Each structure stands twice: as C-alpha cells, then as structure tokens.
Amino acid sequence: MEIRTATLADLDQIAAVEKACFPPAEAASVDSFRERLMVYPNHFHLMFCGPKLISFVDGFVTDEADLTDEMFADASLHNESGRWQMLFGVNTLPEYRRNGYAGQLIREMIRTAREEGRAGVVLTCKDRLLHYYATFGFIGEGPTDKSSHGGAKWNQMRITF
Ligand SMILES: CC(C)(COP(=O)(O)OP(=O)(O)OC[C@H]1O[C@@H](n2cnc3c(N)ncnc32)[C@H](O)[C@@H]1OP(=O)(O)O)[C@@H](O)C(=O)NCCC(=O)NCCS
C-alpha cells in the first residue's frame, strides 16, 4: 500500500471512490473534486493498492473554527496558512473496509496538520461514527447547526493540539 498526496491526475479515481461510498445526495461531484484538487491537492491523502485508489481523506485549512456546508462547496475558502485542518471526507472502497486503511489516512492527516503547526483537526460525522473518530482522539462537540448537507444531522468533532 502506498500513501501519498494528490494531483489533478487522480481526479477520476477520487470521484469514483466517492461515488462508491456515498448516496447521491451526499457525494461530492467530479466538478467539486476538480476544484478542490486545483486548490489544495496537498491536503488530500490517498492510499493505493498498486495503481488502484482504495481509500482517501481530504479537507482544506482555514482560520474558521467550525466546519460549514459552504466549505464543502467552495474550495476557494481554503487558506494555506489557516489554523484549522478540516476533514471533509473519509472514504474506503467497500471491498477494502475494516483493514484499518481509513484509520492510517486519518492518522496521516493528523500527523501532517501537527507538523504544519495547525491548531488542530475538525470534522463532522453522523452518530454512528462518533465512536470511530473518538479512537483517534477527536472530542465530540455535539450536533452542529452549520452543516446540514444531504439533509442529515451532523455532529462536530475536534482534536486540539
Ligand atoms: C467509514 C469508512 C471510511 C471506514 O473505512 P475503513 O477503511 O473500513 O476504516 P478502518 O478500517 O480504519 O475502520 C473501520 C472499522 O474496522 C475496524 N478495523 C480496523 N482494522 C481492522 C482489522 N484489521 N480487522 C478488523 N477490523 C478492523 C475498525 O476498528 C473500525 O471498526 P468500528 O467501525 O467498529 O469502529 C468506510 O466505511 C466508508 O467509506 N464508509 C462510507 C463513507 C462514510 O460514511 N464516510 C465517513 C463519513 S465522511
């Protein structure tokens, strides 16, 4: 397994993994990933099995402390010198799950954010994944009123370094 950051050439594989992982109302589109990859390819962490992308995480950096729906939709809000690393998406192809791959990428994102001198890492998730993210040190902050994409209820979680 190889872990690396992204380039625009990874666009098709990233969009395909996203599509395999989320219902249409929640999946980010190819256009959205193109925009993200043009602005912050260095904040994608990808895991490959040979040439095949099997898992990835991504999220931009901002001085805003809370994750909002606008951030998912607008990559231009990225600020490379921002305080907080946002974690927008965590995806592993169904047939590769439960091997710790997403966990390795989440740890890689946390490690990188710490190394870059950020204040911490912020994510939103559904109730069923609260325990999973807690295993990496994320602390729950309860339901957020700043994110409702896909019509779901989202909880905010944070690691502060
Ligand atoms: C959530 C998701 C990213 C997890 O990916 P993954 O690569 O399977 O993640 P991990 O392997 O690190 O952990 C998943 C589970 O497998 C367990 N696991 C990890 N390594 C394992 C191993 N070697 N053997 C058995 N189980 C293992 C983990 O403890 C975890 O268990 P839990 O769900 O009871 O907490 C994946 O299921 C997914 O893409 N889901 C759809 C999209 C989604 O909901 N994303 C999150 C919201 S952004």
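This text follows the structure it describes.
Definitions and cut-offs
- Residues numbered from 1 in each chain as written.
- Predicted model: local features only at pLDDT ≥ 70, side-chain atom pairs only at ≥ 80, totals over all residues.
- Heavy atoms only, no water.
- Helix = DSSP H or I, 4+ residues; strand = E, 2+ residues; numbered from the N terminus.
- Rg over C-alpha atoms; globule rule 2.2 N^0.38 Å.
- Buried < 20%, exposed > 50% of the residue type's maximum accessible area, 1.4 Å probe, protein only.
- Contact = heavy atoms within 4.5 Å.
- Lys, Arg positive; Asp, Glu negative; His and termini not counted.
- Charge placed at Lys NZ, Arg CZ, Asp CG, Glu CD.
- Pairing = 2+ DSSP bridges.
- Axes fitted to C-alpha atoms, helices over the stretch in contact; angles between N-to-C directions.

Glancing now at the overall build of the protein chain. The helix and strand tally for the protein chain stands at 5 helices and 9 strands. In the protein chain, the order of α-helices and β-strands from amino to carboxyl end is β-α-α-β-β-β-α-β-β-α-β-α-β-β. Relative to the 2.2 N^0.38 estimate, which gives 15 Å for 161 residues, the radius of gyration of the protein chain is 14 Å and therefore close to what a compact globule would have. With the C-alpha coordinates of the protein chain rotated into their principal frame, the extents come out at 35 × 30 × 25 Å. Counting over 161 residues, the protein chain shows a buried share of 50%. A separation threshold of at least 6 residues defines the contact pool for the protein chain, and within that pool the share at least 24 residues apart is 67%. Averaging the locations of the 17 positively and 22 negatively charged side chains of the protein chain gives two centres separated by 6 Å.

Below, the discussion takes up the sheet that holds strand E8 (residues 139–143). The pairing of strands in a sheet comes from backbone hydrogen bonds and takes either a parallel or an antiparallel form. Spatial strand order, E4-E5-E7-E9-E8: 5 strands in an open sheet with mixed pairing. The open sheet is flanked by strand E4 (61–62) and E8, the only strands paired with a single partner. Where E4 and strand E5 (residues 84–87) come together, 2 bridges link them in antiparallel fashion. Bridge assignment links valine 61 to a residue of E5, and that residue is glutamine 85. Contacts from helix H4 (residues 101–115) reach E5, strand E7 (120–125) and strand E9 (155–160), with the element oriented near 165 degrees to E5.

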